[in-house]
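Structural characterization, general
The lines below spell out each chain.
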Amino acid sequence: MVPTNTKNFDTLVVGGGIAGLQTALDLGDQGYSVAVVEKDASIGGKMIRLSKVFPTLDCASCITTPKMSAVAHHENITLFTYCTLNSLDHDNSGEDSGNKFPGINAPGVKATGLKALITQNPRYVDPIKCIGCRQCEYVCPVHVPDMEQGGLSATKVICIPFSNAIPQLPMMDIENCMLCGQCEKACPTNAIDYFQKPERFIITAKTAVITTGFDLLPVRDNVQYGNAKIPNVIDSLQMERLLAPHGPYNRVLRPSDGMEPDSIAYVQCAGSRDKSTGVSYCSRVCCMYAIKQAMLLSGSLPLADIIIYYMDIRAFGKGYEQFYQNAKAMGIEFIKAKVARIDEGENGQAQVRYELQDGSGIATADHDLVILSMGMIPAWNPGAICPVSKDSDKFITSIKPKISPVLTDMEGVFVAGAAAGPKDIVDTITESGCAAMEAAKFMSKRLVEN
Ligand SMILES: Cc1cc2nc3c(=O)[nH]c(=O)nc-3n(C[C@H](O)[C@H](O)[C@H](O)COP(=O)(O)OP(=O)(O)OC[C@H]3O[C@@H](n4cnc5c(N)ncnc54)[C@H](O)[C@@H]3O)c2cc1C
């Protein structure tokens, strides 16, 4: 069915990570109306899920939450969370745009440049009635793995995704719900709605900024590192959660048995710079976040041995080389080696087999906990959804990578942050400001021309 519900904005920002939030604020502050469409139940992206951030070691939550809150309370910004972007294309009202969602250009829909078809996915909770009291969560009897904590602890089938999520709305994992009705009985405002359906609507905008970010290569696809079946071999985002103040155990423990790890190893370039995984490029931030995590670990577990197996250390940003030197001075060991494989060892340990880069041969070592710095891949594939081009690395193409890296090959559509390629927060923020400026320029030029 063609949706008739249309909302008009100046700019559509796709993705509510730090890039999307910064772009929305930079445009909203200039008076433009902005819609932020986020696929997750909360805005904040990867940054809100980090522990501390290099090179300043600021608490990630403390610096991301105010931005999330500023966006949520901004008079010119409207948030659409837990939404799917079904299509984004130029608006050819009345004509058959030949697009993948026939009927999207329904008669009566005002043409303003770009048109997006969005689906609001059901939370099974009425957002108007819900007061965020969490009574539904407290009484729910069903526990499921908490993916917000990297699957390292449990949560309830109906819950607010994490403590500082925005919006503070619970959502129900209907697949695992027993339909016992306890949440419905406990809700003081009758907000539980088991029959909620997906709702489709249209957003029209003059410009769009794609800020869909990145994901990590899944460990389960990596045969030489055990396909995620070796206990105590985790990825770097799971380690961020172990180090975070509101992490799964409130301290760093080995997931399989709750032991405090004595020997911890980082495997760098796990998937990156490796043609066999499809990630032939450098993921840019792994050296720095591994160093950061190792420093945080040596603070919380001062007696633990921490080793980083690396190919090269790429400390590219301002203050980053000093950060690396500080880590060495703290006693973190750096071994220049390529880890060839990881096997299950004894007593919950993981056995790392590595080739030393100085040609002195192959060695093995047992560690209590191994962290894989997996390669970064794009979180979104425009595929049939949007005609914007991708590079050979599958990130969004920037048509002027040197002089205006945020320009895509779709008129009025810009890109910022890790959606255009792996990058750190500093570069993401800079690029987001640039995308907001290009979008504003595009809109004011259009105003003059018309
Ligand atoms: C383990 C680890 C530690 C790190 N530590 C640091 C650090 O200490 N310092 C530092 O500078 N950098 C660090 N980084 C890098 C940092 O995470 C990135 O620079 C930053 O997250 C990029 O922000 P972004 O908004 O571009 O992408 P993301 O954070 O990935 O946000 C993208 C958002 O878009 C949403 N989205 C995706 N697809 C869609 C879609 N189709 N529709 C709607 N929404 C969508 C996602 O759900 C997400 O909310 C680290 C990275 C990792 C992996």
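Note that the structure is a prediction, hence the values are computed from the model and not measured. (Residues numbered from 1 in each chain as written. Predicted model: local features only at pLDDT ≥ 70, side-chain atom pairs only at ≥ 80, totals over all residues.)

**Quick notes on the overall build of the protein chain**
Note the following rule: In this text, helices come from DSSP runs of H or I with a minimum length of four residues, and strands from runs of E with a minimum of two, each type numbered from the N-terminal end. As defined in this context, the radius of gyration uses C-alpha atoms, and a globule is described by 2.2 Å times the residue total to the power 0.38. Exposure is read from a count of other C-beta atoms within 10 Å of each residue's own; the residue is exposed at 12 or fewer, buried at 20 or more and partly exposed in between. C-beta atoms are placed from the backbone. Note on contacts: residues are paired as contacts if their backbone-placed C-beta atoms lie within 7 Å.
Assigned secondary structure in the protein chain consists of 8 helices and 22 strands. Relative to its length of 450 residues, the protein chain is compact, with a C-alpha radius of gyration of 23 Å against a globular reference of 22 Å. Based on the C-alpha atoms only, the size of the protein chain along its principal axes is roughly 70 × 60 × 35 Å. Considering the protein chain as a whole, with its 450 residues, one finds that 46% of them fall into the buried category. Long-range contacts, defined here as pairs at least 24 residues apart, represent 69% of the contacts in the protein chain between residues at least 6 apart.

**Describing the site of the ligand**
Inclusion rule: Put plainly, near means the residue's C-beta atom, positioned from the backbone, lies within 6 Å of the molecule or strand in question. For this classification, the nonpolar set comprises Ala, Val, Leu, Ile, Met, Phe, Trp, Tyr, Cys and Pro, the charged set comprises Asp, Glu, Lys and Arg, and every other residue, Gly included, is treated as polar. Domain start and stop points were drawn from an automatic or database domain assignment.
Neighbouring the ligand are 39 residues, the closest being Gly 15, Gly 17, Gly 45, Gly 213 and Gly 417. Counting residues per element, the ones that place at least two in the shell around the ligand are α1 (18-28), β13 (214-216), α5 (236-243), α6 (286-300) and α8 (425-449). Looking at side-chain class alone, the shell around the ligand contains 20 nonpolar, 11 polar and 8 charged residues. Here the shell around the ligand spans two domains, and each of domain 1 (6-121 + 198-213 + 379-449) and domain 2 (218-376) adds at least three residues to it.

**As for helix α2 (residues 60-72)**
Just so we agree on the cut-off: In a helix, the anticipated span is given by 1.5 Å times the number of residues less one. Each C-beta atom gives one direction from the helix axis, and the arc is the one those directions make.
For α2, spanning 13 residues, the distance from its first C-alpha to its last is 18 Å, which sits close to the expected 18 Å at 1.5 Å a residue. All of the buried residues in α2 are Ala 60, Ser 61, Thr 64, Lys 67, Met 68 and Val 71. Taken around the axis of α2, the buried residues stretch over an arc of 135°, which confines them to a single face. Residues of α2 that are exposed and point more than 90 degrees away from the buried face comprise Cys 62 and Pro 66. Contact partners of the buried residues in α2: α1, β2 (34-37), β3 (52-53), β4 (58-59) and β5 (77-80).

**Focus on the packing of α1 against α2**
As a reminder of what qualifies: To get an axis, a line is fitted to the C-alpha atoms, and for a helix only the part in contact is used. The angle between two axes follows their N-to-C directions and goes from 0 to 180 degrees. In these notes the angle categories are as follows: under 35 degrees is roughly parallel, over 145 is roughly antiparallel, 65 to 115 is roughly perpendicular, and the rest is oblique. Two helices crossing with the near one rotated counterclockwise from the far one by less than a right angle form a left-handed crossing, whereas a clockwise rotation gives a right-handed crossing.
Between α1 and α2, the shortest axis-to-axis distance is 10 Å and the interhelical angle comes to 50°. The orientation of α1 relative to α2 falls into the category oblique. For the pair α1 and α2, the sense of crossing is left-handed. Note on element contacts: α2 touches α1 through Thr 64, Lys 67, Met 68, Ala 70 and Val 71, opposite Ile 18, Leu 21, Ala 24 and Leu 25. Here the contact of α1 with α2 is composed, by residue class, of 7 nonpolar, 1 polar and 1 charged.

**Let's talk about the domain arrangement of the protein chain**
For the protein chain, the assigned domains read domain 1 (6-121 + 198-213 + 379-449) and domain 2 (218-376). Averaged C-alpha coordinates put domain 1 and domain 2 at centres separated by 33 Å. Taken residue by residue, the interface counts 12 residues in domain 1 and 18 residues in domain 2. When its residues are assigned to classes, the side of domain 1 that touches domain 2 shows 6 nonpolar, 1 polar and 5 charged.

**Looking at the sheet that holds strand β17 (residues 333-344)**
For the record, the criterion: Paired strands are those between which DSSP finds at least two bridges.
Judged by pairing direction, the sheet is mixed, and its 7 strands sit side by side in the order β14-β20-β15-β16-β17-β18-β19 without closing on themselves. With partners counted over all chains shown, the strands left at the sheet margins are β14 (233-235) and β19 (362-367), one partner each. Pairs of neighbouring strands in the sheet enclose a mean axial angle of 40°, with direction left out of account. With 6 bridges connecting them, strand β18 (residues 350-356) and β19 associate as antiparallel partners. When the sheet's bridge partners are listed, Tyr 354 is paired in β19 with Ala 363.

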